[in-house]
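Observations on the model geometry
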6 protein chains.
Amino acid sequence: MRFDEAYSGKVFIASRPDWEDAEAILYGMPMDWTVSYRPGSRFGPARIREVSIGLEEYSPYLDRELEDVRFFDAGDIPLPFGNPQRSLDMIEEFVDSILEKGKFPLGMGGEHLVSWPVIKAMYKKYPDLAIIHMDAHTDLRVDYEGEPLSHSTPIRKAAELIGPENVFSFGIRSGMKEEFEWAKENGMHISKFEVLEPLRQILPKLARRPVYVTIDIDVLDPAHAPGTGTVDAGGITSKELLASIHEIARSDVKVAGADLVEVAPVYDHSEQTANTASKLIREMLLGWVK
Amino acid sequence: MRFDEAYSGKVFIASRPDWEDAEAILYGMPMDWTVSYRPGSRFGPARIREVSIGLEEYSPYLDRELEDVRFFDAGDIPLPFGNPQRSLDMIEEFVDSILEKGKFPLGMGGEHLVSWPVIKAMYKKYPDLAIIHMDAHTDLRVDYEGEPLSHSTPIRKAAELIGPENVFSFGIRSGMKEEFEWAKENGMHISKFEVLEPLRQILPKLARRPVYVTIDIDVLDPAHAPGTGTVDAGGITSKELLASIHEIARSDVKVAGADLVEVAPVYDHSEQTANTASKLIREMLLGWVK
Amino acid sequence: MRFDEAYSGKVFIASRPDWEDAEAILYGMPMDWTVSYRPGSRFGPARIREVSIGLEEYSPYLDRELEDVRFFDAGDIPLPFGNPQRSLDMIEEFVDSILEKGKFPLGMGGEHLVSWPVIKAMYKKYPDLAIIHMDAHTDLRVDYEGEPLSHSTPIRKAAELIGPENVFSFGIRSGMKEEFEWAKENGMHISKFEVLEPLRQILPKLARRPVYVTIDIDVLDPAHAPGTGTVDAGGITSKELLASIHEIARSDVKVAGADLVEVAPVYDHSEQTANTASKLIREMLLGWVK
Amino acid sequence: MRFDEAYSGKVFIASRPDWEDAEAILYGMPMDWTVSYRPGSRFGPARIREVSIGLEEYSPYLDRELEDVRFFDAGDIPLPFGNPQRSLDMIEEFVDSILEKGKFPLGMGGEHLVSWPVIKAMYKKYPDLAIIHMDAHTDLRVDYEGEPLSHSTPIRKAAELIGPENVFSFGIRSGMKEEFEWAKENGMHISKFEVLEPLRQILPKLARRPVYVTIDIDVLDPAHAPGTGTVDAGGITSKELLASIHEIARSDVKVAGADLVEVAPVYDHSEQTANTASKLIREMLLGWVK
Amino acid sequence: MRFDEAYSGKVFIASRPDWEDAEAILYGMPMDWTVSYRPGSRFGPARIREVSIGLEEYSPYLDRELEDVRFFDAGDIPLPFGNPQRSLDMIEEFVDSILEKGKFPLGMGGEHLVSWPVIKAMYKKYPDLAIIHMDAHTDLRVDYEGEPLSHSTPIRKAAELIGPENVFSFGIRSGMKEEFEWAKENGMHISKFEVLEPLRQILPKLARRPVYVTIDIDVLDPAHAPGTGTVDAGGITSKELLASIHEIARSDVKVAGADLVEVAPVYDHSEQTANTASKLIREMLLGWVK
Amino acid sequence: MRFDEAYSGKVFIASRPDWEDAEAILYGMPMDWTVSYRPGSRFGPARIREVSIGLEEYSPYLDRELEDVRFFDAGDIPLPFGNPQRSLDMIEEFVDSILEKGKFPLGMGGEHLVSWPVIKAMYKKYPDLAIIHMDAHTDLRVDYEGEPLSHSTPIRKAAELIGPENVFSFGIRSGMKEEFEWAKENGMHISKFEVLEPLRQILPKLARRPVYVTIDIDVLDPAHAPGTGTVDAGGITSKELLASIHEIARSDVKVAGADLVEVAPVYDHSEQTANTASKLIREMLLGWVK
């Protein structure tokens with residue numbers, strides 16, 4: 001092999017070389033500056049790409065190969081360190097440009113606050129948008145110790161934008177009492193502790209609606225995702241999370257965009273979290289990009 | 001904020017500033033000098049406190065908040081390194097003083113031998129005491145290679161003190177043949193491998209009795225608690241252990257004291273074990289201190 | 001104790017001092033030079049021995065003690081670094097010498113390619129040999145990017161040698177589409193994702209046949225075995241793998257040899273993978289060497 | 001020991017129980033939200049305290065004991081995550097209150113930007129303030145990719161406030177060309193690569209002046225301080241840094257306040273960086289608080 | 001920023017987007033299959049690239065910026081796992097194509113054996129080639145336990161190709177007695193233990209000759225490079241290695257190509273070794289590509 | 001290779017298979033139960049043996065090979081966990097038996113208290129014994145918080161046994177004020193901070209005397225030995241420690257026995273400390289066993 005034929009640059013396995021003919025755009029949102037506990041998710045997207053080389057391109061769950069999905073890995077958005085507002089604006093602009101071209105946005109975080117501008121962009125295009133949210137945490141705070149831009153607030157902001165009745169949370173096992181009460185009083189769905197079973201009951205209600213799916217990796221038990229900012233015991237297994245992705249894939253829901261957030265590699269020397277995240281990304285691409 | 005209003009010193013979240021009006025006393029027993037395999041649990045209590053900042057104060061399992069439980073974190077007992085006998089004496093004296101004030105003792109280990117002096121103190125106050133013991137190991141040895149003060153012996157000592165018929169072990173998956181035989185011959189209950197289901201059957205028999213609950217974190221599978229001295233495959237999940245705590249909370253048993261032992265942070269770079277332990281401590285406080 | 005009575009050298013707990021009266025021979029195959037992702041399994045056998053000191057010699061699952069099984073830990077075969085062909089030849093010769101003496105070979109890897117020469121040796125002695133294979137990966141490639149000697153090929157080679165209808169794979173969740181198709185077209189059994197339930201159905205069909213059992217530690221979920229080369233989310237628990245070993249032990253299958261491969265200690269700072277592997281080795285000895 | 005005599009809360013060894021009679025106040029500034037590379041220094045102060053238990057209270061370098069210095073560990077300032085401006089305001093207010101009481105402020109970072117509000121507070125009290133700055137990096141940027149509040153800017157801000165001719169940097173081995181040029185053009189002292197020798201030459205010029213000393217732990221070679229955000233090869237040894245602290249202690253300079261920043265524990269599994277930092281804090285207390 | 005303007009793929013900082021106008025080509029040789037101790041250097045080049053983001057582009061040592069050197073990062077050569085001969089052939093062909101275009105090859109290993117095909121390619125173009133070799137190990141074996149293709153042999157092969165009198169080794173502190181004797185008997189230069197001082201004496205003798213410089217990162221003391229396969233105490237500091245690179249840069253030697261090998265990230269949780277390697281690569285580019 | 005020719009058991013490289021013709025006995029003292037800070041040195045000897053495979057058998061410093069020294073690795077003494085007194089008695093008996101056979105004892109710790117019984121045994125045989133002690137810590141306490149058997153006391157005990165004027169400490173940089181004063185008042189030599197230069201001055205005074213050399217690995221700077229219980233910044237380099245060993249080897253001192261203690265592998269993920277210790281053991285064997 002000659003050097004001038006060499007492949008340069010690390011992307012997710014099986015990414016197309018150009019964006020033009022891609023149906024889906026994979027991108028990173030390397031931001032972690034509002035987290036209240038352990039930072040480090042800014043390095044999540046890069047590590048997920050790096051370890052994707054350990055994956056097969058074929059899914060025996062879905063009997064489909066990555067070459068059947070045309071996607072382009074656009075790299076990480078160069079977000080300004082320590083400036084939440086400007087970071088969110090840049091993400092919204094970035095996703096606007098994806099949607100404008102009619103492509104499927106698949107984001108990798110970064111802290112969960114990055115989902116907020118994505119949802120704003122999605123909602124502009126899809127006024128009947130619903131959100132499926134898998135997470136250990138409610139993320140329904142109005143602010144965190146006075147800060148309205150915090151990783152504890154994105155689902156609250158989203159619920160207030162698109163209507164709480166259009167947000168469906170699963171796997172929740174941590175939050176303030178007030179957050180659970182606000183959800184209840186405002187008609188927002190929260191399934192505590194479990195994901196797969198309640199999801200099976202909700203999915204038919206969302207049939208044919210455009211849905212944005214946001215997955216915080218900490219919905220997994222710490223045993224399955226030690227590499228994240230805020231681990232919380234009592235979560236689901238990676239087997240259950242894979243089954244939940246497949247359940248959505250086989251439903252009549254029309255997934256219009258998605259993200260996977262909060263992978264923080266430094267807390268996981270074995271890199272199992274990044275490896276698991278890369279498999280989840282593969283299954284999301286194979287199952288949801290039609 | 002002025003410096004002279006600053007909060008000084010690291011305690012478990014939501015600890016009261018003074019012990020006087022506390023119902024429960026949380027304390028550490030930083031001893032690991034008799035362990036036969038990997039030491040390090042002396043640093044368990046300090047790390048559990050440190051990571052408690054990542055917890056919410058509300059439990060969606062029990063619908064109760066830490067501010068509803070008045071507890072005081074009394075710090076670690078300053079045990080003398082390498083002297084088991086004097087360490088055990090200090091622990092007993094410490095717990096005596098808690099019980100004397102009518103408060104609930106909640107201890108954090110340290111190796112499992114620390115439970116022995118606590119049980120002695122409890123038994124002096126509660127002559128009808130029963131013990132619920134969750135562990136991977138029987139801990140029923142008479143001695144360990146000749147040493148009667150060993151982390152392999154506390155349950156044997158306890159059983160001989162309060163009567164083997166008053167000791168109920170759950171989740172056991174490791175021990176010498178002689179230990180299992182001794183339990184059987186002496187009418188001591190051992191549920192091998194499982195915790196939640198057999199516990200549901202035993203709890204009604206203990207209704208209204210004072211019970212001391214001692215949990216060795218290694219009852220969890222190594223996937224859920226890698227940060228402990230002696231990991232042993234085939235354990236229960238953190239979800240099952242949480243459910244077991246809640247099962248006791250909802251039963252008619254009168255929990256009079258408890259401990260959580262054998263967290264050894266150095267073997268768990270992700271700190272999931274300490275984080276899980278801090279959540280277990282929160283649930284024990286919320287569920288058992290009434 | 002005098003120094004000239006001292007025990008010298010680290011072996012698996014309860015190994016006999018001499019090979020002559022042993023029924024089973026435990027040995028290491030420290031090779032990892034053809035792996036496509038993360039190397040390091042060459043250090044697996046040594047670490048499994050080292051941590052075996054943390055085990056009890058008694059199994060409460062099988063009610064049997066290691067002193068009831070006469071086995072000898074023969075150490076690691078000194079394989080030549082970077083030379084796959086010569087390594088495989090040395091392994092085959094080594095196992096030939098074990099079988100010649102009528103002893104049970106129990107191997108520890110090393111990468112999965114080491115199973116190939118063992119199976120060749122077994123097949124020479126047992127022409128009606130069947131293979132039970134537990135793994136996350138099919139390992140059915142003809143070659144890996146042109147290399148026929150690769151950790152992705154051993155089961156394909158074995159299937160071609162003894163007939164695909166005599167190979168039974170369990171727990172498979174990763175592979176190329178072509179591999180799954182080849183198995184289907186050639187009558188080879190593959191149970192996707194699950195091990196215990198399908199094993200229960202297959203075992204009666206293998207009654208009284210000599211069987212070689214090869215276990216890739218990555219059949220476990222990464223939560224249960226982070227210390228391996230290629231982790232893949234969605235695997236089974238260590239509880240299920242232990243139950244599968246016991247299921248075989250209680251069946252009418254005649255286990256004639258076995259191995260446990262792909263433990264790579266450097267990716268698991270907690271050493272839970274090596275500890276789990278040492279327990280699995282104990283159960284394989286206690287359950288399969290009769 | 002009785003529980004109600006127990007010491008509660010983790011502070012730096014030998015801290016006085018009350019602030020009133022203390023000459024010096026030790027405090028943490030747990031902020032890392034503007035760092036451009038690896039975050040995590042928010043956990044520096046807590047870990048430095050925790051490991052201080054491994055220190056002796058006596059310095060054989062200075063022949064002085066911690067009991068000879070009356071200091072109070074005031075804990076960490078509770079800074080708002082992700083809001084740099086408000087964090088800096090809180091730090092300034094906190095240090096104002098220390099100076100108002102006539103006490104010596106000794107801060108622990110956190111990222112280097114935390115030194116900026118401290119210097120502002122110091123300058124209000126000491127109009128003839130000089131700064132001694134030990135660091136691998138110039139920290140002289142006007143902004144970082146547009147952000148004026150960045151960990152790359154504090155020395156620039158300080159130099160513009162108190163005059164570049166009053167700032168003396170040592171050990172610098174990384175920066176933009178423009179930063180070195182700005183320093184040169186504006187009469188600011190930069191000693192590249194070395195600390196001890198150039199410090200010996202500068203100290204007499206600062207005799208009897210009030211000096212604030214700010215030490216970025218990354219002035220040490222990565223071998224001596226792997227646990228920091230931005231490691232940079234070619235630094236000084238801990239022996240040289242200790243000698244530099246002692247050189248200042250023995251000079252006629254009047255140290256009026258100091259800080260040690262950028263300890264990020266998660267990147268240093270051995271905890272040598274936190275241990276080294278705790279020893280540096282001890283020597284700073286013993287050598288500079290007179 | 002729009003997604004279709006996004007930068008995709010991870011390269012060394014300041015790499016040009018195209019190879020055509022580059023003077024130097026940076027490339028990775030991700031091979032580690034012949035190492036005799038700890039593997040893992042296959043991941044060295046990728047990690048060096050990833051952490052280069054933490055570097056400044058300016059060198060205060062050489063007063064030069066990366067934008068002054070036109071280089072292109074060509075990525076990693078896709079070498080076949082476990083096949084040393086084919087890997088070496090691919091490397092030689094790759095470097096041939098770089099030299100054919102008149103560009104400077106700067107390689108990143110990978111194990112040290114990768115230098116052998118590079119030197120073959122260099123020698124074809126530069127018949128008067130000399131080699132400067134910095135390493136802890138002689139690497140002068142004829143074979144390693146029978147294998148002529150081993151990471152212990154590249155300098156022997158090189159010496160036999162270009163003549164031992166043209167090879168100059170520095171920093172050597174480990175090898176077999178026979179290796180040191182062979183060097184002595186054949187007129188090959190070996191400076192034991194030290195690099196900088198002996199280099200200063202040798203460089204004038206090499207003035208105006210084309211030189212290939214091969215640096216094994218383990219010439220550094222383990223304190224400065226823990227992340228390598230075979231650490232060996234008593235090495236030089238990163239400060240001395242930087243000074244040695246600068247000494248060559250300022251000499252009359254004509255560096256015609258170079259490599260830096262044996263970075264194995266998994267053994268260095270702090271990533272100091274990869275960070276140091278990325279700084280060394282920057283200095284090699286700035287100092288040697290004229 | 002046949003299995004019945006296989007080498008079984010892990011020993012230090014080049015150990016003789018039998019003790020009879022050995023001049024020196026290498027042995028482990030796996031005790032860490034009296035340490036006041038971080039335990040884990042019980043695993044030091046086993047890890048030093050394991051990594052010795054990465055060493056060459058030849059020393060270019062001393063131009064001597066391990067095959068020229070006849071030594072036998074006797075394994076670890078099976079010390080009773082948590083019982084300091086009985087452990088010390090076993091060590092003394094073990095070393096008595098070595099000395100009785102006229103062999104050179106070379107011990108590996110374990111915590112430093114293990115040197116105390118060895119010195120007792122040595123003194124019985126050599127009434128004119130002197131001690132060379134390299135350490136970061138004085139180890140001159142009478143007791144540690146009341147415990148006379150503590151890792152802080154062995155040199156005090158030794159000094160009281162053989163006379164303080166026969167004890168020579170080097171590299172000391174940590175201790176209580178009282179310890180330094182006691183040494184001074186009683187004529188015991190302490191070289192603070194440095195080892196090599198003061199050693200050169202002391203060695204002639206010890207010419208022809210039998211000397212026991214005890215090296216605490218923490219005499220090295222934490223950069224060179226992170227894997228130890230109590231790291232303390234400002235230590236010497238491994239290069240200086242090697243030179244000190246060689247200085248003794250070339251002197252007229254008659255080394256009669258030695259040890260290397262306090263290697264605690266779990267704090268050093270890179271294993272550089274164990275690797276360095278194995279090289280030190282090699283140099284001690286080659287330099288001191290004549």
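Residues numbered from 1 in each chain as written. Chains lettered and ligands numbered in written order. Predicted model: local features only at pLDDT ≥ 70, side-chain atom pairs only at ≥ 80, totals over all residues. Heavy atoms only, no water.

Take the overall build of chain A next. Along its length, chain A carries eight helices and 10 strands. Here the C-alpha atoms of chain A give a radius of gyration of 18 Å, agreeing with the 19 Å that 2.2 N^0.38 yields for 290 residues. Based on the C-alpha atoms only, the size of chain A along its principal axes is roughly 65 × 40 × 40 Å. Across the 290 residues in chain A, those meeting the buried criterion constitute 74%. The contacts of chain A with a sequence gap of at least 6 include a subset with a gap of at least 24, amounting to 78%. Surface summary for chain A: the accessible area is close to 8300 Å², and the carbon and sulfur share equals 49%. Of the charged side chains in chain A, 32 are positive and 48 negative; the average position of the first set lies 3 Å away from that of the second. (Helix = DSSP H or I, 4+ residues; strand = E, 2+ residues; numbered from the N terminus. Rg over C-alpha atoms; globule rule 2.2 N^0.38 Å. Buried < 20%, exposed > 50% of the residue type's maximum accessible area, 1.4 Å probe, protein only. Contact = heavy atoms within 4.5 Å. Areas by Shrake-Rupley, 256 points an atom, 1.4 Å probe, with all protein chains shown as cover. Lys, Arg positive; Asp, Glu negative; His and termini not counted. Charge placed at Lys NZ, Arg CZ, Asp CG, Glu CD.)

One copy of the chain maps onto the other through a rotation about an axis followed by a shift along the same axis. Under the fitted operation, chain B is carried onto chain C by 0.0 Å of movement along the axis and a turn of 120°, and the coordinates agree to an RMSD of 0.0 Å. Between the two chains, the operation in question is that of a three-fold axis. Measuring from the rotation axis to each C-alpha of chain B, the shortest distance belongs to B:A223, at 3.0 Å. Taken as a fraction of all interface residues of chain B, those also at the interface in chain C reach only 4%, which identifies the copy contact as different-surface. (Least-squares fit on C-alpha atoms with pLDDT ≥ 70 in both.)

All right, on to the pairing of strand β9 (residues 210-216) of chain F then. Residues and elements named next belong to chain F. For β9, a buried count of seven out of seven residues is recorded, marking the element as mostly surrounded by other parts of the structure. Residues P210, Y212, T214 and D216 of β9 are buried on one face, and the alternating residues V211, V213 and I215, pointing to the opposite face, are buried as well. Across five bridges, strand β6 (residues 130-134) lies against β9 in parallel orientation. Looking at β9, one finds that I131 is bridged to Y212. (Pairing = 2+ DSSP bridges.)

Each partner contributes to the interface: chain B provides 26 residues, whereas chain C provides 21 residues. In total, chain B and chain C occlude about 2000 Å² of area from one another, counting both sides; carbon and sulfur atoms represent 52% of this. On the chain B side of the contact with chain C, B:Y37, B:K177 and B:A233 bury the most area, a combined 26% of that side's loss. For the pair chain B and chain C, the interface holds three salt bridges. For the interface between chain B and chain C, the tally reads 11 residue pairs in polar contact (both at pLDDT 80 or more). Tallied by class, the residues present in the side of chain B that touches chain C amount to 12 nonpolar, five polar and nine charged. (Buried area = accessible area lost by both parts, 1.4 Å probe. Salt bridge = Lys/Arg side-chain N within 4 Å of Asp/Glu carboxyl O. Polar contact = N/O pair within 3.5 Å; in protein donor to acceptor, adjacent residues only side chain to side chain. Nonpolar A, V, L, I, M, F, W, Y, C, P; charged D, E, K, R; others polar.)

Another point: helix α4 (residues 154-162) of chain D. Residue and element names in this part refer to chain D. Burial of α4 is extensive: seven of the nine residues sit out of reach of the surface. Burial in α4 covers these residues: P154, I155, R156, K157, A158, A159 and I162. Looking at the buried residues of α4, the elements they touch are α3 (115-125), β6 (130-134), β7 (167-172), α5 (177-185) and β9 (210-216). One or two steps after α4, the chain reaches G163, where phi turns positive at roughly 95°.

Further remarks concern the packing of aromatic side chains. Enumeration according to the criterion identifies 42 aromatic pairs over all chains in this entry. Ring centres of B:F193 and C:Y61 lie 4.3 Å apart, and the angle between their planes is 10°; on these two criteria the pair is classed as stacked. Within this pair, whereas B:F193 is found in the loop between β8 (189-192) and α6 (196-202), its partner C:Y61 is found in the loop between β2 (58-59) and β3 (64-65), the two belonging to separate chains. Seen from their ring centres, F:W33 and F:F81 are 5.7 Å apart, and the 75° between their planes marks the pair as edge-to-face. Taken together, the positions of F:W33 in the loop between β1 (24-29) and α1 (44-51) and F:F81 in the loop between β4 (71-76) and α2 (84-100) put the pair 48 residues apart, joining distant regions of the chain. With relative accessibility at 1%, the residue F:W33 sits in the buried group. Chaining the aromatic ring pairs together yields one cluster made of A:W33, A:F81 and D:Y144. Across from the ring centre of B:F180, 6.0 Å away, lies the NZ or CZ of B:K192, which sits over that ring. (Phe/Tyr/Trp six-rings, centres within 6.5 Å; stacked < 30°, edge-to-face > 60°. Lys NZ or Arg CZ within 6 Å of the ring centre and 35° of its normal.)

Residues and elements named next belong to chain B. Taken together, the eight strands give an open sheet; going across it, the order is β4-β1-β5-β10-β9-β6-β7-β8, and neighbouring strands pair in parallel fashion. Strands with a single pairing partner mark the edges of an open sheet, and in this sheet they are β4 (71-76) and β8. Sheet twist, expressed as the average angle between the axes of neighbouring strands with direction ignored, equals 15°. For strand β1 (residues 24-29) and β4, the ladder comprises four bridges, and the chain directions are parallel. (Axes fitted to C-alpha atoms, helices over the stretch in contact; angles between N-to-C directions.)

Next up on the list: the UniProt feature "binding site: Mn(2+)" (unreviewed entry) in chain A. All names here are of chain A. Mapped onto the present numbering, the UniProt feature "binding site: Mn(2+)" (unreviewed entry) falls on H112, D135, H137, D139, D216 and D218. In summary, the annotated positions, though distributed over 107 residues, converge in three dimensions, the widest C-alpha pair being only 12.2 Å. Along the polypeptide, H137 turns up in the loop between β6 (130-134) and α4 (154-162). When near neighbours in sequence (up to four residues on either side) are disregarded, H137 contacts I172, S174, D218 and T230. For D218, the contacting residues outside a window of four places in its chain are D135, A136, H137, R173, T228 and T230. At 3.1 Å, the side chain of D218 forms a polar contact with the backbone nitrogen of A136. (UniProt positions renumbered as here; feature names shortened; annotations may be inferred.)

Let's shift gears to unusual backbone geometry. A cis geometry characterises the amide bond from D:G109 onward to D:G110, with omega recorded as 15°. Along the chain, the position of D:G110 falls in the loop between β5 (104-109) and α3. For B:R208, which is not glycine, the phi torsion reads 70° and is therefore positive. Relative to the helices and strands, B:R208 resides in the loop between α6 and β9 (210-216). Positioned with a positive phi, E:E271 is a non-glycine residue whose angle comes to about 65°. Looking at the element boundaries, E:E271 is found in the loop between β10 (254-261) and α8 (272-288).

Our focus in this paragraph is the pattern of salt bridges. In total, this model carries 120 salt bridges over all chains according to the counting rule given. The salt bridge involving B:R141 is made with C:E56; its shortest N-O contact spans 3.0 Å. Of the two residues, B:R141 is situated in the loop between β6 (130-134) and α4 (154-162) and C:E56 in the loop between α1 (44-51) and β2; the pairing between them involves two chains. On the basis of relative accessibility, which here comes to 14%, the residue B:R141 falls in the buried class. One salt-bridge network, held together by shared partners, links A:R47, A:E50, A:E271, E:R47, E:E50 and E:E271.

Predicted confidence across chain A gives a mean pLDDT of 95, with 97% of residues reaching 70 or more. Scored as a complex, the prediction yields pTM 0.96 and ipTM 0.95. (pLDDT = per-residue confidence, 0-100.)

Turning next to the side chain of A:D73. All names here are of chain A. Following the sequence through the fold, D73 ends up in strand β4 (residues 71-76). Of the residues examined, D73 reaches a relative accessible area of 0% and is grouped as buried. A polar atom in the side chain of D73 sits 2.9 Å from the backbone nitrogen of F12. Of the polar contacts made by the side chain of D73, one reaches the backbone nitrogen of G75; its length is 3.0 Å.

Let us look at a negative patch on the surface. A surface patch of like charges, here negative, comprises A:E57, A:D63, A:E67, A:D68, C:E178, C:E181 and C:E185. When you line up the elements, A:E67 lands in the loop between β3 (64-65) and β4. (Patch = residues over 30% accessible without salt bridge, like charges linked within 9 Å, V, L, I, M, F, W, Y side chains within 5 Å.)

Residue and element names in this part refer to chain F. At a minimum axis separation of 8 Å, α1 and helix α8 (residues 272-288) run at an interaxial angle of 80°. Considering the angle they form, α1 stands roughly perpendicular to α8. Within the contact between the two elements, α1 uses R47, I48 and V51 and α8 uses A274, N275, A277, S278 and I281. Its residues assigned to classes, the contact of α1 with α8 shows five nonpolar, two polar and one charged. (Parallel < 35°, antiparallel > 145°, perpendicular 65-115°, else oblique.)

We now examine the sheet that holds strand β10 (residues 254-261) of chain D. All names here are of chain D. As summarised here, the arrangement of the eight strands in space is β4-β1-β5-β10-β9-β6-β7-β8, forming an open sheet in which the pairing is parallel. The open sheet has two edge strands with one neighbour each: β4 (71-76) and β8 (189-192). Adjacent strand axes in the sheet meet at a mean angle of 15°, parallel and antiparallel pairs treated alike. Docked against the sheet, helix α8 (residues 272-288) engages β1 (24-29), β4, β5, β9 and β10, running at close to 175° with respect to β10.

Our focus in this paragraph is the pairing of β9(D). Residues and elements named next belong to chain D. Where β9 lies against β10, seven bridges are found, and the strand directions are parallel. The residue bridging V211 from the neighbouring strand is V255, located in β10. In this fold, the crossover linking β9 to β10 by way of helix α7 (residues 238-250) has right-handed handedness. (Right-handed = clockwise from strand over helix to strand, strands pointing away.)

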